[in-house]
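# Fold and geometry: a report
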Amino acid sequence: MTKPSVLVTRRWPEAVEAQLKRDYDVTLNKADRPLTPSEFREAFGRFDAVLPTVTDTINAEALDVTAPQVKILGNYGVGYSHICEPAARDLSLTVTNTPDVLSECTADIAMTLLLMVARRAGEGEREVRSGRWTGWRPTHLVGTKVSGKTLGIVGFGRIGREMARRAHFGFGMTILVQNRSRIAPEILAQFGAEQVDSIDDMLPRCDFVSLHCPGGATNRHLINGRRLDQMKPGAFLINTARGEVINEHDLVQALTFGTIGGAALDVFDGEPRISPDLLQCDNLVMLPHLGSATREAREAMGFRVLDNLSDFFAGRDPRDRVI
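Overview of the structure. Note that the coordinates shown come from a computational prediction; the quantities given were computed from them, not determined experimentally.

### Some details on the overall build of the protein
When helices and strands are tallied, the protein shows 12 helices and 12 strands. Its C-alpha atoms give the protein a radius of gyration of 21 Å, near enough to 20 Å, the size a compact globule of 323 residues would have. A total of 323 residues make up the protein; the buried ones form 50% of that total. For the protein, the proportion of contacts with a sequence separation of at least 24, taken over those separated by at least 6, is 62%. When the accessible surface of the protein is summed, it comes to about 15,300 Å², and 50% of that surface belongs to carbon and sulfur atoms. If you average the places of the 38 positive and of the 41 negative side-chain charges in the protein, the two averages end up 3 Å apart.

Shown next as structure tokens:
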């Protein structure tokens, strides 16, 4: 029997690519570069399945095809705001994602960022590498204690809960939660957490704020100048969610004028392009979208896509269907 044809839009872990080659008629993007809208349109006419990543832009232009051959987009990642949902629905496409398997590693990076910005680790490393360090002294790069402080978490899904686990049990932090739906009391109790009705209510109470909410148009610039002004002057903002959740211009202003203590970002609006103004902020830690970047997580993400493909081509509803 003919195997379904599958396009993988970027290079994946070797073990996952090997399994794909055994099960499907696979084409790999060996150049490992993002596809253009016209290349996506061509692919949608040639392949039964296309496997994009969260940094592929599959907008209305890319999905402007008639009678496509593609039937499923097996997304490698949790978020799917990079896929135009109305256009995908118009084409009757199935879209899946990869929840669960990257939650712990992404929470690890969020906690890493929190610690780095609080203890000025980025500034310190730059100083050492540049040869400017002159030795220990009592007033040098004094940071902020993390243990026992209050952490506000925006978005209390799988990753947000793993962040709460690390912060509460590892550092004795008090956890405040803002979520678009009500969280069951027994889940909040696991972390000694309190759910707050709105972001505006939560921000003034927090020493640290960590974003774990979806991206997309609904949450674009959720954190803007007005909300940054509501944070404590010494508070820190952490983002491992999506770059568009923060108005980066407003963040630069807050960092430059000391409205907040600092920020740490693993994601950026329009990445991999980085605003030059962000690069000038010493009280900002930046990582290149490393949230799920462990061998274990990246392999698990790929095999989760394979599970969804297997379900789909066997006539079953994929376990992680989002569209």
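### Considering the nonpolar core
A general trend in soluble globular proteins is that nonpolar side chains are found buried together. Of all hydrophobic cores here, the largest spans 30 residues; its most connected members are Leu211, Leu237 and Leu251. Elements that contribute at least two residues to this core include exactly helix 8 (199-202), strand 9 (208-211), helix 10 (248-256) and strand 11 (262-265). No other element matches the four residues that helix 10 contributes to this core. Ile109, Ala110, Leu188 and Ala193 belong to the second largest nonpolar core, which has 28 residues in total.

### Brief notes about unusual backbone geometry
For the bond running from Glu271 to Pro272, omega is 10°, close enough to zero to count as cis. For Pro272, the location among the structural elements is in the loop between strand 11 and helix 11 (276-279). In this model, Ala67 sits at a positive phi of 50°, which is unusual for a non-glycine residue. Inspection of the secondary structure assignment puts Ala67 in the loop between strand 3 (49-51) and strand 4 (72-74). In this structure, His289 is a non-glycine residue whose phi angle is positive, near 55°. With respect to the helices and strands, His289 occurs in the loop between strand 12 (284-286) and helix 12 (295-313). Residue class for His289 comes out partly exposed when judged on its relative accessible area of 24%.

### Focus on the sheet that holds strand 9
On the basis of which strands lie adjacent, the open sheet formed by seven strands has the order 8-7-6-9-10-11-12 and parallel pairing. The open sheet terminates on both sides in strands that have one partner only, identified here as strand 8 (194-195) and strand 12. Where strand 6 (residues 150-154) meets strand 9, four bridges bridge the pair, whose relative direction is parallel. In the sheet register, Gly152 faces strand 9, and the bridge partner there is Val209. The strands touched by helix 4 (residues 103-118) are strand 6, strand 9, strand 10 (236-239), strand 11 and strand 12; relative to strand 10, the strand with the most contacts, the crossing angle is about 150°. In this fold helix 6 (residues 158-171) packs onto strand 6, strand 7 (174-178) and strand 9, with an angle of close to 175° to the strand it touches most, strand 6.

### Observations concerning the sheet that holds strand 4
Taken together, five strands build an open sheet; the order of strands is 2-1-3-4-5 and the sheet is parallel. At either end of the open sheet lies a strand with only one pairing partner, and these are strand 2 (25-28) and strand 5 (94-96). The mean inter-strand angle of the sheet, taken between neighbouring strand axes irrespective of direction, is 20°. Packing against the sheet, helix 1 (residues 14-23) makes contact with strand 1 (5-8), strand 2 and strand 3, and its axis sits at approximately 140° to strand 2.

### Quick word on the side chain of Ser5
Relative to the helices and strands, Ser5 is located in strand 1. Apart from residues lying up to four places away in sequence, Ser5 is in contact with Asp25, Arg46, Phe47, Asp48, Ala49 and Gln69.

### Details of helix 5 (residues 121-129)
Turning to helix 5, its buried residues are Gly122, Glu123, Gly124 and Glu127. Residues of helix 5 that are buried sit in contact with helix 4. Once helix 5 ends, the next one or two residues include Gly131, with phi positive near 80°.

### Quick notes on the packing of aromatic side chains
With the rule as written, the count across this model stands at six aromatic pairs. Measuring from centroid to centroid gives 4.5 Å for Trp12 and Tyr76, while their planes differ by 35°, and the two rings are tilted. Placement of the pair is Trp12 in the loop between strand 1 and helix 1 and Tyr76 in the loop between strand 4 and helix 3 (85-90), with a sequence separation of 64 residues. Given the relative accessible area of 6%, Trp12 is considered buried. Relative to Phe191, the ring of Phe156 lies with its centre 5.7 Å away and its plane at 90°, an arrangement referred to as edge-to-face.

Parameters at a glance
- Residues numbered from 1 in each chain as written.
- Predicted model: local features only at pLDDT ≥ 70, side-chain atom pairs only at ≥ 80, totals over all residues.
- Heavy atoms only, no water.
- Helix = DSSP H or I, 4+ residues; strand = E, 2+ residues; numbered from the N terminus.
- Rg over C-alpha atoms; globule rule 2.2 N^0.38 Å.
- Buried < 20%, exposed > 50% of the residue type's maximum accessible area, 1.4 Å probe, protein only.
- Contact = heavy atoms within 4.5 Å.
- Areas by Shrake-Rupley, 256 points an atom, 1.4 Å probe, with all protein chains shown as cover.
- Lys, Arg positive; Asp, Glu negative; His and termini not counted.
- Charge placed at Lys NZ, Arg CZ, Asp CG, Glu CD.
- Core = buried A, V, L, I, M, F, W, Y, C linked by side-chain atoms within 4.5 Å.
- Pairing = 2+ DSSP bridges.
- Axes fitted to C-alpha atoms, helices over the stretch in contact; angles between N-to-C directions.
- Phe/Tyr/Trp six-rings, centres within 6.5 Å; stacked < 30°, edge-to-face > 60°.

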